[in-house]
Amino acid sequence: MCSKRKLLCVLGLLSVWAVLALPRGTPIALAAAQPAKPAKDLFLDVGKHPPITMLINQSPWYGGFEKVVKLYEEQTGNTLNLDVSPYAGMLEKARNAARGKESPFDWVNIDTQNTVEFYLGGFLSPLKEIDSGFQLDPQVSTYDDCLFWNERTQWRDRNGVLMGLPVQGNVNLYYYRTDLFERAGLKVPETWDEVAAAAEKLGKGGELYGFVVRGERGNAIRFDWMSYMLGAGASIEKDAPNGDFTVTVNSPPAKRALDFYLSLAKRFGPPNSGAIGQNDLIQLITTGKALQLNMVAAAWPNMDNPERSRVVGKVNVALIPRPADGVFATPIGNWVSGIPKNIPLERKRAALAFMRWFLTFEAQYKFAEFGGIPPVRMDVFDSDLATRPQFRWMAAYKKSLPYAKQLLGYKEGAQVEAVLGLRLNQALVGELSSAKALNLAAEDIYKAFQQGGRKTGLLPKLPE
Amino acid sequence: MAPAAGTREAAGPARSLADLLDATFQYWALVPALLILLALTLYPMLSILRMAVSTIDFAQGQFLWTFTGLQNWRSFVEDWLFRIALKNTLIFVIVAVTIEMLLGLSLALLACQIQMGKGIYRTIMVLPILVPAVAIGCMWRLMYNYDFGIFNQALVALGLTPLAWLADPRLAMASVILVDIWHWVPFVFLILLAGLEALPVEALEAANVDGANGWQRLRYVILPMIGPTLSVVVMFRTIFAFKVFDEIFLLTSGGPGTATEVVSLYIYKVFFAENRLGYGALLAILTILTICAFVGTYRWTRLGRRDPWAG
């Protein structure tokens, strides 16, 4: 009897030791009550942590993120509060939090083009300062290295320090109506000429716009035009990563790119191209009024949602076309999350624990399944998800990433965006010619670089 | 028993101090409120003045203020977009406030003659003021939508060409002004109606007895008597219109091109989007000074002197 008790005690102690001795990061199974799941349903055990709060944007992919957070809470027992904000208020909320005495947020989600301000200002904690052993999984995309900050070169590059982690990885994709293309026997366009030919052939004026641009003043048109500009081999500045901020946006290839962009909008788009934002693009394609357009990957969930779309199953995406003599290119518009410097270490560790969990294959798989588009791990794009019809966007997205580029990665980025967003829009609504718009943009950008103490210069003016 | 002479002399200065405090108590009572008000207005004003002559950067999690003297002023002199914003703002103020005053007064004159259903029409009229600016922006943006908006559907039904209400630089400002008029005419209407209903009936009856026609009663009796109310409404609407932000931010964000760029929106972009705090501060100061100059000038004019608050 006594030996049996001793044996039970020893077994009990061994069990407790075994549980406690499980190293952090060991996968644990989902709740035992659930039926057996394939190996990918094993999630990371990140341990118990105090509640944290994340500043997150109300974007088309938010629903997927919210669900995956619930899953995190169920599995770990940790609490993650989401402070959901519309895009327009995100930057100011993040600034106020990071610049204050103590941030109310443990993660702040930042639009990629605003990350430099936070890195440069020293408002975020380098992740290795929180956990010296933290390693970014090679499967997680760094989106043209926007997660790192190199203090020496003042640039976001891989030689720098890891400052943030990706939450979502938007790039622009080419959306088109598969049913109409197939019926007309057209192949998926690879060049802008093919896009124009399809628009010419299938467009029907106000009933079906052949091609629609996102021409609203500001970020919309600046972001939209980047594929055309980069594809034509043009750039905004000569070699910013290496310190040469000579303004090149008024080069002849840039003008060709702008002229083509304007011609697409005017020939095939609605007369209100100059006021079309992302929501309008979604509206036009889901109501069947647009044949082709370029739009962020995150807008995809609207296409196959029968409550929102009249063209369910009739839209697909592809790599953004290129000029016949140009290259493929697409701008990145991802979200990066950073941990504010002004919070206690315990909260920082709790925050990092969530992201370690979130960036695992299992969590990313679920994120994508829940509508979190696009996930940030590349192996998710090789999973069985990619073979499901509703995830048919994955192939084009994966194909686009090697051509995807971060832009405006310097402290004057916001000013440059304001200048380009205005001048391009002025050209689109007919206030300026393309040459004049680019010349004026170049002058304004030059002034911004000069004030920022950059080594800069100007190209000769384009003939107006 | 009378108090001793020495005691009375000793109480004298204390009594006079107490009397002084008593007599000036109302001013002392204001001191805490005044101090709070000064702290809440003076400190931000001084801070913004300091910002206006500085460049503010951020490094190592700190604000770095660098005194740059007139550099922001030089940027202002070269800032063509601010001049456009100012011009657009003035157009917006003059057109919107004039139409709102005319419409509001006309409606108030009509409404004060209606005796039945006062509660109903007043409730209906007050609705646009109650709608939040964000809802107004969304609602009108939908109505102005080129492909699905009600205005273009009506035009198409009439066999006319649809218009790019918010995308055509020639139309955008008018479209935005129309929204402002819809939003604010009820405000003008309600205040003027209250003013009209408070007019002494005797004066209007006397004008009738003297044989004045409708126009003469309006020109020589009603308008002079509601002058103080009119002047207050004009001043408020002008100041509010000068500060217009939400409607334009939601409808056009200043576009297309520079067609609807206004001062408040421009300052917002410089300050919050471009993060140029020093220059944004200078623009804010210039805007405050412009509004102060308007209010000061207005109070010196004939119309302004009718303002019952003008003192």
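What you see is a predicted model; the values in this text were computed from it and never measured.

S.K.: How would you explain the overall build of chain A if you had to name every residue and give the values?
M.R.: A tally of helices and strands in chain A yields 15 helices and 17 strands. Taken over the C-alpha trace, chain A has a radius of gyration of 24 Å; the compact-globule value for 464 residues is 23 Å, and the two agree within 12%. In terms of overall dimensions, chain A has C-alpha extents of about 100 × 55 × 35 Å along its principal axes. For chain A, the proportion of its 464 residues judged to be buried stands at 52%.

S.K.: I'd like a rundown of the overall build of chain B, residues and numbers included.
M.R.: Secondary structure summary: chain B contains 15 helices and 2 strands in total. Over its C-alpha trace chain B gives a radius of gyration of 27 Å, far above what one expects of a compact globule, namely 19 Å for 311 residues. The principal-axis extent of the C-alpha atoms belonging to chain B is close to 105 × 80 × 30 Å. Scored against the burial criterion, the 311 residues of chain B give a buried share of 28%. Of the contacts made within chain B by residues no fewer than 6 positions apart, 67% connect residues no fewer than 24 positions apart.

S.K.: With reference to specific residues and values, describe the pairing of strand β9 (residues 172-177) of chain A.
M.R.: Residues and elements named next belong to chain A. Within β9, 6 of the 6 residues are buried, leaving the element largely enclosed by the surrounding structure. Residues Asn172, Tyr174 and Tyr176 of β9 are buried on one face, and the alternating residues Leu173, Tyr175 and Arg177, pointing to the opposite face, are buried as well. Two strands pair when backbone bridges link them, and β9 and strand β12 (residues 292-296) are joined in this way by 5 bridges, in the antiparallel orientation. Bridge pairing in β12 links Leu173 to Met295. Summarising the sheet, β9 and strand β13 (residues 315-318) pair through 4 bridges and their orientation is antiparallel. Its bridge partner lying in β13, Tyr174 is registered against Ala318.

S.K.: Run through the nonpolar core, naming residues and quoting values.
M.R.: A general trend in soluble globular proteins is that nonpolar side chains are found buried together. The biggest cluster of nonpolar side chains holds 185 residues, and the ones touching the most others in it are Leu173 and Ile445 of chain A. Excluding residues within four positions of it along the chain, Leu173 of chain A makes contact with Met295, Ala297, Val317, Ile320, Ala396, Tyr397 and Ser400 of chain A.

S.K.: Summarise the environment of Ala427 of chain A; cite the residues concerned and give the values.
M.R.: Residues and elements named next belong to chain A. By the element assignment, Ala427 lies in helix α14 (residues 413-428). On the basis of neighbour counts, which here come to 28 C-beta atoms within 10 Å, the residue Ala427 falls in the buried class. Taking C-alpha positions, Ala427 is 49 Å from Arg349, a pair spaced 78 residues apart along the chain. Discounting chain neighbours no more than four positions away, the residues touching Ala427 are Leu258, Leu262, Leu432, Ser433, Ser434 and Ala437.

S.K.: With reference to specific residues and values, describe the sheet that holds strand β15 (residues 335-338) of chain A.
M.R.: Residue and element names in this part refer to chain A. Sheet architecture is open: 5 strands sit in the order β4-β3-β5-β15-β8, paired in mixed fashion. Of all strands in the sheet, those bounded by a partner on one side alone are β4 (80-85) and β8 (164-168). Put simply, the sheet's adjacent strands are angled 30 degrees from each other on average, direction ignored.

S.K.: Lay out unusual backbone geometry with the relevant residues and their values.
M.R.: Residue and element names in this part refer to chain A. Residue Pro374 is bonded to the preceding Ile373 through a cis peptide linkage, with omega at -10 degrees. Positioned with a positive phi, Asp144 is a non-glycine residue whose angle comes to about 60 degrees. When you line up the elements, Asp144 lands in the loop between α5 (127-130) and β6 (148-149). The backbone of Leu408 shows a phi angle near 55 degrees, a positive value even though the residue is not glycine. Position of Leu408 among the secondary structure elements: in the loop between β16 (404-405) and α14.

S.K.: For the interface of chain A and chain B, give the residues involved together with the corresponding values.
M.R.: Contacts between chain A and chain B engage 25 residues on the former and 21 residues on the latter. Here the element with the most residues in the side of chain A that touches chain B is α14 of chain A; it accounts for 5 residues. Residues that form the side of chain A that touches chain B fall into these classes: 8 nonpolar, 10 polar and 7 charged.

S.K.: Summarise helix α8 (residues 172-197) of chain B; cite the residues concerned and give the values.
M.R.: Compared with the 38 Å implied by 1.5 Å per residue over 26 residues, the 38 Å span of α8 of chain B between its first and last C-alpha is a close match. Bending of α8 of chain B peaks at approximately 35 degrees at the position of Trp184 of chain B, with proline Pro186 of chain B no more than four residues after it.

S.K.: Account for the domain arrangement of chain A, with residues named and values stated.
M.R.: Residues and elements named next belong to chain A. When cut into domains, chain A gives domain 1 (47-169 + 334-391) and domain 2 (172-331 + 406-458). Taken over C-alpha atoms, the centre of domain 1 sits 28 Å from the centre of domain 2. In this assembly, 19 residues from domain 1 lie in contact with 15 residues from domain 2. Per-element accounting of the side of domain 1 that touches domain 2 gives the leading share, 3 residues, to helix α4 (residues 115-121). The residue inventory of the side of domain 1 that touches domain 2, partitioned by class, reads 9 nonpolar, 6 polar and 4 charged.

S.K.: Which residues make up the pairing of β12 of chain A, and what values go with them?
M.R.: Within β12 of chain A, 5 of the 5 residues are buried, which leaves it mostly tucked inside the rest of the structure. Residues Gln292, Asn294 and Val296 of chain A line one face of β12 of chain A and the alternating positions Leu293 and Met295 of chain A line the opposite face, and both faces are buried.

S.K.: Can you lay out the sheet that holds β13 of chain A for me, pointing to particular residues and giving the numbers?
M.R.: Residue and element names in this part refer to chain A. Pairing within the open sheet is antiparallel, and its 3 strands lie in the order β12-β9-β13. Looking along the sheet, the strands with just one partner apiece sit at the ends: β12 and β13. Across the sheet, the mean angle separating the axes of adjacent strands is 35 degrees when strand polarity is ignored. Packing of helix α10 (residues 278-286) onto the sheet brings it into contact with β9, β12 and β13, and relative to β12 it is tilted by some 135 degrees.

S.K.: How would you sum up the packing of helix α9 (residues 201-209) of chain B against helix α10 (residues 214-225) of chain B? Please name residues and give values.
M.R.: All names here are of chain B. Across the interface, α9 lies against α10 with an axial gap of 11 Å and an inter-helix angle of 170 degrees. The angle between the axes of α9 and α10 places the two elements in the roughly antiparallel class. Here α9 and α10 pass one another in a crossing that is right-handed. Where α9 abuts α10, its residues Ala203, Leu204 and Ala207 lie against Arg217, Val221 and Met225. Residue composition of the contact of α9 with α10, by class: 5 nonpolar, no polar and 1 charged.

Rules behind the numbers
- Numbering of residues begins from 1 in every chain and follows the order in which that chain's sequence is written.
- Written order determines the labels here, with chains lettered from A and ligands numbered from 1.
- Only residues with pLDDT of at least 70 get local features here, since the model is predicted, and only at 80 or more are side-chain atom pairs given and counted; chain-wide, interface and lining totals rely on the full set of residues.
- A run of DSSP states H or I qualifies as a helix once it reaches four residues; a run of E qualifies as a strand once it reaches two. Both are numbered from the N-terminal end.
- Note on method: radius of gyration uses C-alpha positions; expected globular size equals 2.2 Å times residues raised to 0.38.
- Exposure classes come from backbone-placed C-beta atoms, where a residue is buried if 20 or more other C-beta atoms lie within 10 Å of its own, exposed if 12 or fewer do, and partly exposed in between.
- Placing C-beta atoms from the backbone, we regard two residues as in contact once those atoms come within 7 Å.
- Strand pairing follows a simple DSSP-based rule, namely that at least 2 bridges must link the two strands.
- The term nonpolar core means buried Ala, Val, Leu, Ile, Met, Phe, Trp, Tyr and Cys residues held together as one set by C-beta atoms within 7 Å.
- A fitted line through C-alpha atoms serves as each axis, taken over the contacting stretch for helices, and the angle formed by two N-to-C directions is quoted from 0 to 180°.
- Each residue gets one of three labels, nonpolar for Ala, Val, Leu, Ile, Met, Phe, Trp, Tyr, Cys and Pro, charged for Asp, Glu, Lys and Arg, and polar for the others, Gly among them.
- A helix is expected to span 1.5 Å for every residue after the first.
- Across the chain, bend at a residue is computed as the angle between axes fitted to the seven residues ending at that point and the seven starting from it.
- Note: domain ranges come from an automatic or database domain assignment.
- Angle categories are assigned with fixed cut-offs, so that under 35 degrees is roughly parallel, over 145 is roughly antiparallel, 65 to 115 is roughly perpendicular, and the rest are oblique.
- We call a crossing left-handed when the near helix sits turned anticlockwise from the far one by less than a right angle, and right-handed when that turn is clockwise.

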